[in-house]
Amino acid sequence: QVQLVESGGGLVQAGGSLRLSCAASGLTFSNNAMGWFRQAPGKEREFVVAVSRGGDFTLYADSVKGRFTISRDNSKNMVYLQMNSLNVEDTADYFCASTRPLAGPSATMEPYVYWGQGTQVAVSS
């Protein structure tokens, strides 16, 4: 059974930083591209960032480029999201997602077949 468990969310002031983690189990982690999506209250879930199976290719939403960094450690089955210069618009539930095996990273939800429960990020002004 595949499980993705996010952690690291919390309340932070604008301009601050947070690091989200996602622990994966029940899958051959290095076979799956990984992504982070977020959903703000009353809004649709949106793409944030994705990383290829080997970690050498990344995709970023324009809204987070230069502020957020995704990384993965295939030896630990972990993916991370370092978020810097946070602003109020970054407030959302953040979800870790895994694609089907051998799929590439994507900004659409279509290839993502496994999802975590989410971790809440709140940025105060």
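Above this text you will find the structure in question.
Residues numbered from 1 in each chain as written. Predicted model: local features only at pLDDT ≥ 70, side-chain atom pairs only at ≥ 80, totals over all residues. Heavy atoms only, no water.

A. The arrangement of the sheet that holds strand E3 (residues 18-25) in detail. Spatial ordering of the open sheet is given by E1-E3-E8-E7, a layout of four strands whose pairing is antiparallel. What marks the edges here is a single partner per strand, and that holds for strand E1 (3-7) and strand E7 (68-73). The mean angle between the axes of side-by-side strands here comes to 15 degrees, regardless of whether they run parallel or antiparallel. Across six bridges, E3 lies against strand E8 (residues 78-83) in antiparallel orientation. Each residue of the ladder has a partner; that of Cys-22, found in E8, is Val-79. (Pairing = 2+ DSSP bridges. Helix = DSSP H or I, 4+ residues; strand = E, 2+ residues; numbered from the N terminus. Axes fitted to C-alpha atoms, helices over the stretch in contact; angles between N-to-C directions.)

B. Up close: the packing of aromatic side chains. Going through the model one piece at a time under the given rule, you end up with four aromatic pairs. Consider the rings of Phe-37 and Tyr-112, whose centres lie 5.1 Å apart with planes at 80 degrees: the pair is edge-to-face. With Phe-37 in strand E4 (residues 34-39) and Tyr-112 in strand E10 (residues 112-115), this residue pair connects regions lying 75 residues apart in the sequence. Residue classification places Tyr-112 among the buried positions, given a relative accessible area of 4%. Ring pairs connect the aromatic residues Phe-37, Phe-47, Tyr-112 and Trp-115, which therefore count as one cluster. In this structure, Arg-45 is placed above the aromatic ring of Phe-95, and the distance from its NZ or CZ to the ring centre is 3.7 Å. A cation sits over an aromatic face here: Arg-72 above Phe-29, 4.3 Å from the ring centre. (Phe/Tyr/Trp six-rings, centres within 6.5 Å; stacked < 30°, edge-to-face > 60°. Buried < 20%, exposed > 50% of the residue type's maximum accessible area, 1.4 Å probe, protein only. Lys NZ or Arg CZ within 6 Å of the ring centre and 35° of its normal.)

C. View of the state of the cysteines. Summed over the entire model, instances satisfying the criterion amount to one disulfide. The disulfide partner of Cys-22 is Cys-96, and the S-S distance across this bridge is 2.1 Å. Disulfide Cys-22 to Cys-96: torsion about the S-S bond roughly -75 degrees, handedness left-handed. Of this pair, Cys-22 sits in strand E3 while Cys-96 sits in strand E9 (residues 92-99); the two residues are 74 residues apart in sequence, bridging distant segments of the chain. According to the relative accessible area criterion, Cys-22 is buried, its value standing at 1%. (Disulfide = S-S within 2.5 Å.)

D. Expanded view of the pattern of salt bridges. This model, assessed by the stated rule, comprises five salt bridges. Across the pair Arg-38 and Glu-46 runs a salt bridge, and its minimum N-O distance is 2.7 Å. Each of Arg-38, Glu-46, Arg-67 and Asp-90 takes part in one network of salt bridges that share partners. (Salt bridge = Lys/Arg side-chain N within 4 Å of Asp/Glu carboxyl O.)

E. View of unusual backbone geometry. You will see that Asn-77, though not glycine, has its phi angle at about 55 degrees, which is positive. Examined against the element boundaries, Asn-77 turns out to sit in the loop between E7 and E8. Overall, Asn-77 belongs to the partly exposed group, its relative accessible area being 23%. Its identity is not glycine, yet Ser-85 carries a phi of approximately 50 degrees, on the positive side.

Everything listed is a geometric property; what it means functionally is a separate question.
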